Amino acid sequence: MKRVLCAVFALVMLFSMTACTGSGGGNEVDPTVEGYFSLPASGEYSDGIMLPQLEDAHVTVMMSIDWSNLESTNNPDDPYAQYLATLMWRDVYASQEGDVEIITITEDKMTDYVATQTASGTAPDILPANYDLTYPKWSAAGLTESIEKYAGHLQLDAKNPNNPEEDLYNHELMDKYFQWGGESHGAITLADVDRNFIVYNKTKFERAGQTDPLTLWEKGEWNWTNFVKTAKAMTNDTDFGFTGWALFPYFAPYPMAALDQETGKVTLSIDDTKYMRYMTEVYNLYQTEKAARCDYSLQSWSTLFPAGTDAMVQTTAAGYKRIVEAATRMEGDTFGIAPVPVFDPTGETESIATATLWAYSIAAAAENPIGAATYIRLETLVSRNVQATLKGNTWLDKNLTEAEKAMMEEVKDDPVCVEMIRGIGDCYLGIVDAQIVPAMYYVATQESVQAIFDSQKSALQAQFDEFNATVEEVAAEAAAKAEAENAG
């Protein structure tokens, strides 16, 4: 989206005299007062959850799906905390016609929608916060609010009721990945990191007589060097050792973009020696070793892989579940799961998995920010109850081998890399996915990886420069506004 940040900035500044930061819908009660959380939630997974008295119990949340989609896809064996929390909210605040209203906006229109609504003085109370779409550009444009402003309503410093040794919120990830201006702009409602793993076709490995990834990991030999050797050994005339999009440039163990949390400015990292070494090795896997599927059909891995095409893919634990279930319906192959290999060419000694983080932001122009904070707290508590109740009985618990369970436990605290380049201007759709990916992953090429990246470096840097200029403009406007208010 060309020059989207500057457009957002212009809209917000144009209507700055009339924009509101949210009145809280009259919900001005001090949440630290004893008895504030006095209304018991009811329904499945509601144990121990209390909600506050609210004058305004209507909360809006922006998503790309609607309620009927959420309702139809909720699985009782693996329930959505959002679905359950919405039902609880509607029940507790029924006398007030309380609701968690979903405002459905397609992802490609979200930024324009939030910017326009913010400029006119109101926006959905709760916004998605993720690296695929919103962060850091929405915070940079002044569209999100510090969640610490509503710490009491969120119970931001509370412990997990089901495990008093654990924080209710994952502050380590929130502080590392959702900081803006020294404060967090994203509340992560889930406890676990959604990290990537290697999923492999166990049937193919057994037939080929090759050592599988989990066995190599158990031997301490699961690194990039052996991953490449394994992929080559599992490649033949029709199948490849690896498929899918998880080795694309924005799924590296090193980020393409670095954020200075103090200044809010971003730096392009593709000249970093570790990043370019990683991309060179990936290029060699596809273009030199020809051990990874190098055509557009790799985009269809989620259907082709469960049907028995290719040997390895990289996805999340939820992705593994979908693969196994799809293969079971087809009475097809069996599959296994292992960690992402250690990237030994740069001297790494532990795996660095790419990961996806999902969080909620409170809109700067929310009409009911206190209601928003209260709802985010509810969904977080529900997710912890679900986690505690299903412990030992989840799909993974029932379907992983003992060796796989031990692996999952051992790697759960290993480092992850969360890439933010998707939230910087048009870097993702307009440049990386439109230019770099087709040249490197869809066709055989003689062009070097350095040349492929160099051809897009200036375009990427221009997007970074534009982003940083907007950060400066927003900061200057905020400083001027604060000075005027102090003078008045």
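## Details of the environment of W89
Part 1 of the reasoning: Tracing the chain through its elements places W89 in helix α3 (residues 81-92).
Part 2 of the reasoning: Taking the C-alpha atoms as reference, W89 lies 9.6 Å from H58; in sequence the two are 31 residues apart.

## Considering the nonpolar core
Part 1 of the reasoning: F227, M279, L285, M312, Y441 and F453 are the most contacted members of the largest nonpolar core, which has 149 residues in total.
Part 2 of the reasoning: With 10 residues, helix α14 (residues 369-390) is the largest single contributor of residues to this core.
Part 3 of the reasoning: If we ignore the near neighbours within four places in the chain, the residues touching Y441 are L247, F248, P249, M279, V282, Y286, R293, C294, D295 and L298.

## Some points on unusual backbone geometry
Part 1 of the reasoning: Following Y135, the chain continues to P136 via a peptide bond in cis, the omega torsion being 10 degrees.
Part 2 of the reasoning: In this fold, P136 is placed in the loop between β5 (126-130) and α5 (137-140).
Part 3 of the reasoning: Positive phi, normally seen in glycine, also occurs at Q155, with a value near 55 degrees.
Part 4 of the reasoning: Inspection of the secondary structure assignment puts Q155 in the loop between α6 (151-154) and β7 (159-160).
Part 5 of the reasoning: Positive phi, normally seen in glycine, also occurs at K290, with a value near 50 degrees.
Part 6 of the reasoning: Mapping K290 onto the fold places it in the loop between α11 (273-288) and α12 (301-304).
Part 7 of the reasoning: For K290, a relative accessible area of 45% corresponds to the partly exposed category.

## Comments concerning the side chain of N74
Part 1 of the reasoning: Note on placement: N74 falls in the loop between α2 (67-73) and α3.
Part 2 of the reasoning: Residues within four places of N74 in sequence aside, it is in contact with P79, Y80 and Y83.

## Regarding α3
Part 1 of the reasoning: Here α3 is 12 residues long and its end C-alpha atoms lie 16 Å apart, about the 16 Å a rise of 1.5 Å per residue gives.
Part 2 of the reasoning: In terms of burial, α3 is a largely internal element, 9 of the 12 residues being buried.
Part 3 of the reasoning: Where α3 is concerned, the buried positions are A81, Q82, Y83, L84, A85, T86, M88, W89 and V92.

## Structural notes on the environment of T334
Part 1 of the reasoning: Relative to the helices and strands, T334 is located in the loop between α13 (317-329) and β15 (335-338).
Part 2 of the reasoning: Look at T334 and you get partly exposed, because its relative accessible area is 41%.
Part 3 of the reasoning: Remark: the alpha-carbon pair of T334 and I49, spanning 285 residues in sequence, is separated by 41 Å.
Part 4 of the reasoning: Setting aside residues up to four positions removed in sequence, T334 forms contacts with Y200, N201, K202 and T203.

Scoring rules and cut-offs
- Residues numbered from 1 in each chain as written.
- Predicted model: local features only at pLDDT ≥ 70, side-chain atom pairs only at ≥ 80, totals over all residues.
- Heavy atoms only, no water.
- Helix = DSSP H or I, 4+ residues; strand = E, 2+ residues; numbered from the N terminus.
- Core = buried A, V, L, I, M, F, W, Y, C linked by side-chain atoms within 4.5 Å.
- Buried < 20%, exposed > 50% of the residue type's maximum accessible area, 1.4 Å probe, protein only.
- Contact = heavy atoms within 4.5 Å.
- Expected span 1.5 Å × (residues − 1).

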